[in-house]
Amino acid sequence: MSKLTSLAKDTAIYGLSSIIGRFLNYLLVPLYTAKMSAASGGYGVITNIYAYTALALVLLTFGMETTYFRYTNKTHEDSARVYSTTLISVGMVALLFAILVLLFVDPISRLMGYADHPSYVWVMAVTVAIDAFLCIPFAYLRQQKKAIKFASLKLLNIIVSILLNIVYFALLEGKEVGYAFYINLCCSAMLALCLVKEILPIRYGLDTAVLRRMLSYSWPILVLGIAGILNQTADKLLFPYIYTGSDSLEQLGIYGACSKIAMIMAMITQAFRYAYEPIVFAGVKDKDQHQMYTQAMKYFVIFTLLAFLLVIAYLDILKHLVVRQPEYWVGLKVVPIVMAAEIMMGVYFNLSFWYKLIDKTIWGAVFSGIGCTVLLAVNILFVPRYGYMACAWGGFAGYGVAMVASYVVGQKYYPLNYPVREIAKYVLLALLLTGTMLWARREVSLWMSVLLNTALVGIFLTYIVRRDFPLSGLPVIGKYFKK
């Protein structure tokens, strides 16, 4: 099986589970927004707390997930000992974090603005500690190409979470925000029980010599990860502190709810990453690897642009599925901007392998740091005046700068012949079609715009087929697609 075929197969498995999982997770957004009005700020609390947990997860795994893939494929390393060392080191850090938060929960809660609800803080701290530890067994499943088990457990976690949320918020008609966090803790504990078999190799112990070598590789990835996650969450963390209005949690809730529609890009990128990382590091010496990198980049851009167009085309239908209450819909204008930012983040992820493969991960820290600085500057300067729209544009600018910087420097240290001209044609066509869709959304009726947008998506699909996926080999229909 070729590298690209293997990549496509694994991405399909991860992607299907990720798509189904995210879709099921989307059910929580209409559930939460139906039970929590924008004015109550309830969904703003959820958005804010989850931003903190995303940052904590990066800190607690400190780059060891990627480092594990790198070191388990080094010929002079014992892969079992590498896994055990990774598992124990991450577990120790996660445990220490949970203990410290529990000891100092009151001052931490006051600092975060939740002095009246310290349970929000300690429950999510324990949850994220468990999740950080479980990242390593899940990485082990990916490294062992056990995509089915990986996907099944991820889906099980989401399904149980949704069922418990439905029971509390819908059947019992509860409205206490904290129960969303208690449910997360229960689901994380359940996952730990399901991964006992993968946790057992911990008996190999902690090899300090191996750990030192791994940390020398992982610390720049940690810096990269912090900058990267700040690119995703800094706006949600800073917003309550820098927004000048008295309705900061209401505005943050609107932004967080509408941004959920755009998360299909994060879902596609995540599925691609899960399949791509093990293949890249396992085949680092293969002579055909460079071609695989460049082709993978091209197809990633093609399919994310297609997903982008589909969301924009049917946005006025999707809003009823994801964000139920009309008071949230004022924030839908952030969706194209956030989605475009996520595409650039995905491209940046694809570009990032050049410095990982030559063990110069410090470059990743530099690029992500620059992007994060741009994002923070845009937020601090413009959120007080423009609100959450500045958050959306800040992410766009941050990812764009990091992407361009990584490409330019990468062509010097690890040159690859990316099909830039072909990719640019797809981007230009997508921009033209998007502009037309946004015009139709303003100027014509809903169903007329849906019909027009469907035709525009058809134009993009036709271009894809004629340029890169010719159907000439298929009977009957093939003759209609010959170039």
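Quick note: structure is the one above.
Because the structure is a prediction, the values reported are computed rather than measured.

Engineer: I'm lost on the overall build of the protein in this one. Help?
Structural biologist: Summing up its helical and strand segments, the protein has 21 helices and zero strands in all. The buried share among the 483 residues of the protein stands at 54%. Long-range pairs, those at least 24 residues apart, make up 82% of the contacts in the protein with a sequence separation of at least 6.

Engineer: How do you make sense of empty space enclosed by the protein when you look at a structure like this?
Structural biologist: The method is simple in principle: a probe with the dimensions of a water molecule rolls over the atoms, and the space it marks as empty is what remains. Tallying each qualifying case throughout the model produces three cavities of 30 Å³ or more. Here the second largest cavity is characterised by a volume of approximately 100 Å³. Taken together, 14 residues make up the lining of the second largest cavity; nearest its centre are Asn350, Leu351, Trp354, Leu416 and Tyr418. Broken down by secondary-structure element, the contributors of at least two residues to the lining of the second largest cavity are α14 (289–313), α16 (335–351), α17 (353–357) and α19 (388–413). In terms of residue count, the dominant contributor to the lining of the second largest cavity is α19 (four residues). Its residues placed into classes, the lining of the second largest cavity shows 10 nonpolar, four polar and no charged.

Engineer: Help me understand the environment of Asn231 in this model?
Structural biologist: Summarising the element assignment, Asn231 is placed in helix α11 (residues 208–242). Since its relative accessible area comes to 5%, Asn231 is described here as buried. Spatially, the C-alpha atoms of Asn231 and Thr373 are 8.9 Å apart, while their sequence positions differ by 142 residues. Apart from the residues within four sequence positions on either side, Asn231 is in contact with Ser368, Gly371, Cys372, Leu375 and Tyr399.

Engineer: Would you explain the pattern of salt bridges in this entry?
Structural biologist: Oppositely charged side chains are able to pair whenever their charged atoms sit close together. By the definition in use, this model includes seven salt bridges. Here Asp468 and Lys298 are joined by a salt bridge, their closest N and O atoms 2.3 Å apart. Taken as a pair, Asp468 in the segment after α21 (446–467) and Lys298 in helix α14 lie far apart in primary sequence, 170 residues in all. According to the relative accessible area criterion, Lys298 is buried, its value standing at 4%.

Engineer: For this particular structure, what's the right way to read unusual backbone geometry?
Structural biologist: Phi is mostly negative for residues that are not glycine, and the peptide bonds are mostly trans. Despite not being glycine, Phe62 shows a phi value in the positive range, around 35°. Tracing the sequence through the fold places Phe62 in the loop between α3 (42–61) and α4 (64–72). Since its relative accessible area comes to 12%, Phe62 is described here as buried. The phi torsion at Glu173 lies on the positive side, around 55°, for a residue other than glycine.

Engineer: When you look at the nonpolar core in this model, what are you seeing that I'm missing?
Structural biologist: In this structure, Phe181 and Phe460 are the most contacted members of the largest nonpolar core, which totals 103 residues. Looking at this core, the element that brings in the most residues is α14, giving 15 residues. Once residues lying within four places of it in the same chain are set aside, the contact partners of Phe460 are Ile302, Leu305, Leu306, Leu309, Tyr426, Leu429, Ala430 and Leu433.

Engineer: What is the right way to look at the environment of Lys35 in this model?
Structural biologist: Within the secondary structure, Lys35 sits in helix α2 (residues 28–35). Linking Lys35 and Glu176, residues 141 residues apart in sequence, is a C-alpha distance of 9.5 Å. If we skip the residues at most four places from it in the chain, Lys35 touches Phe169, Ala170, Glu173, Gly174, Lys175 and Gln325.

Engineer: Even after reading the chapter, I still don't get the state of the cysteines, so can you show me in this structure?
Structural biologist: Think of a disulfide as a covalent bridge from one cysteine sulfur atom to another cysteine sulfur atom. Per the stated rule, a full pass over the model turns up zero disulfides. Cys186 supplies the cysteine sulfur nearest to Cys187, a cysteine that is in no disulfide, at a spacing of 6.7 Å.

Engineer: Looking at this structure, I do not really get helix α20 (residues 420–443). What am I missing?
Structural biologist: With 24 residues, α20 should reach 34 Å at 1.5 Å per residue; the first-to-last C-alpha distance of 35 Å fits that figure. Among the residues making up α20, those that are buried are Ile423, Tyr426, Leu429, Ala430, Leu433, Thr434, Met437 and Ala440.

Engineer: What is the right way to look at a nonpolar patch on the surface in this model?
Structural biologist: A contiguous nonpolar surface patch, about 610 Å² in accessible area, is contributed by Leu95, Leu96, Ile99, Leu100, Leu103 and Phe104. By the element assignment, Leu100 lies in helix α5 (residues 79–103).

Engineer: Explain the packing of aromatic side chains here, please?
Structural biologist: Two measures describe an aromatic ring pair: the distance that separates the ring centres and the angle between the ring planes. Taken as a whole, this structure holds 27 aromatic pairs when the rule is applied. With centroids separated by 5.2 Å and ring planes inclined at 80°, the aromatic side chains of Tyr179 and Tyr182 adopt a geometry described as edge-to-face. Residue Tyr179 and its partner Tyr182 are located together in helix α9 (residues 178–194), separated by three residues, close to a single helical turn. When its relative accessible area of 37% is taken as the criterion, Tyr179 is described as partly exposed. Look at Trp363 and Tyr413: their rings are 5.5 Å apart centre to centre, the planes differ by 45°, and that puts the pair in the tilted class.

Engineer: Whenever I open this one, the side chain of Ser449 confuses me. Can you help?
Structural biologist: Checked against the element boundaries, Ser449 lands in helix α21. If sequence neighbours within four positions are ignored, Ser449 has contacts with Ala440, Arg441 and Val444.

Engineer: How do you make sense of α9 when you look at a structure like this?
Structural biologist: One full turn of an α-helix is made of 3.6 residues, so residues set three or four places apart face in the same direction. The end-to-end C-alpha separation of α9 is 25 Å, in line with the 24 Å expected for 17 residues at 1.5 Å each. When we look at burial in α9, the residues that qualify are Gly178, Ala180, Phe181, Ile183, Cys187, Ser188 and Leu191. The secondary structure elements touched by the buried residues of α9 are α2, α3, α7 (118–143) and α8 (147–171).

Engineer: Quick question: what am I supposed to make of the packing of helix α12 (residues 248–261) against α19 here?
Structural biologist: Packed helix pairs are specified by the crossing angle of their axes together with the interaxial distance, meaning the distance between the axes. Running from N to C, α12 and α19 point in directions that differ by 45°, and their axes come no closer than 10 Å. By the criterion of interaxial angle, the relationship of α12 to α19 is oblique. Taken as a pair, α12 and α19 cross one another with a handedness that is right-handed. Counted together, Gln251, Ile254 and Tyr255 of α12 and Tyr388, Cys391 and Ala392 of α19 form the full contact between these two elements. Looking at the contact of α12 with α19 residue by residue, the class counts come to five nonpolar, one polar and no charged.

Thresholds, definitions, all that
Residues numbered from 1 in each chain as written. Predicted model: local features only at pLDDT ≥ 70, side-chain atom pairs only at ≥ 80, totals over all residues. Heavy atoms only, no water. Helix = DSSP H or I, 4+ residues; strand = E, 2+ residues; numbered from the N terminus. Buried < 20%, exposed > 50% of the residue type's maximum accessible area, 1.4 Å probe, protein only. Contact = heavy atoms within 4.5 Å. 1 Å grid on protein atoms, 1.4 Å probe; cavity = no way out; pocket = protein on both sides within 12 Å on 5 of 7 lines; lining within 4 Å. Points joined across faces, edges and corners; volume = space filled by probe spheres on them. Nonpolar A, V, L, I, M, F, W, Y, C, P; charged D, E, K, R; others polar. Salt bridge = Lys/Arg side-chain N within 4 Å of Asp/Glu carboxyl O. Core = buried A, V, L, I, M, F, W, Y, C linked by side-chain atoms within 4.5 Å. Disulfide = S-S within 2.5 Å. Expected span 1.5 Å × (residues − 1). Patch = residues over 30% accessible without salt bridge, like charges linked within 9 Å, V, L, I, M, F, W, Y side chains within 5 Å. Areas by Shrake-Rupley, 256 points an atom, 1.4 Å probe, with all protein chains shown as cover. Phe/Tyr/Trp six-rings, centres within 6.5 Å; stacked < 30°, edge-to-face > 60°. Axes fitted to C-alpha atoms, helices over the stretch in contact; angles between N-to-C directions. Parallel < 35°, antiparallel > 145°, perpendicular 65-115°, else oblique. Left-handed = near helix turned anticlockwise from the far one by under 90°.

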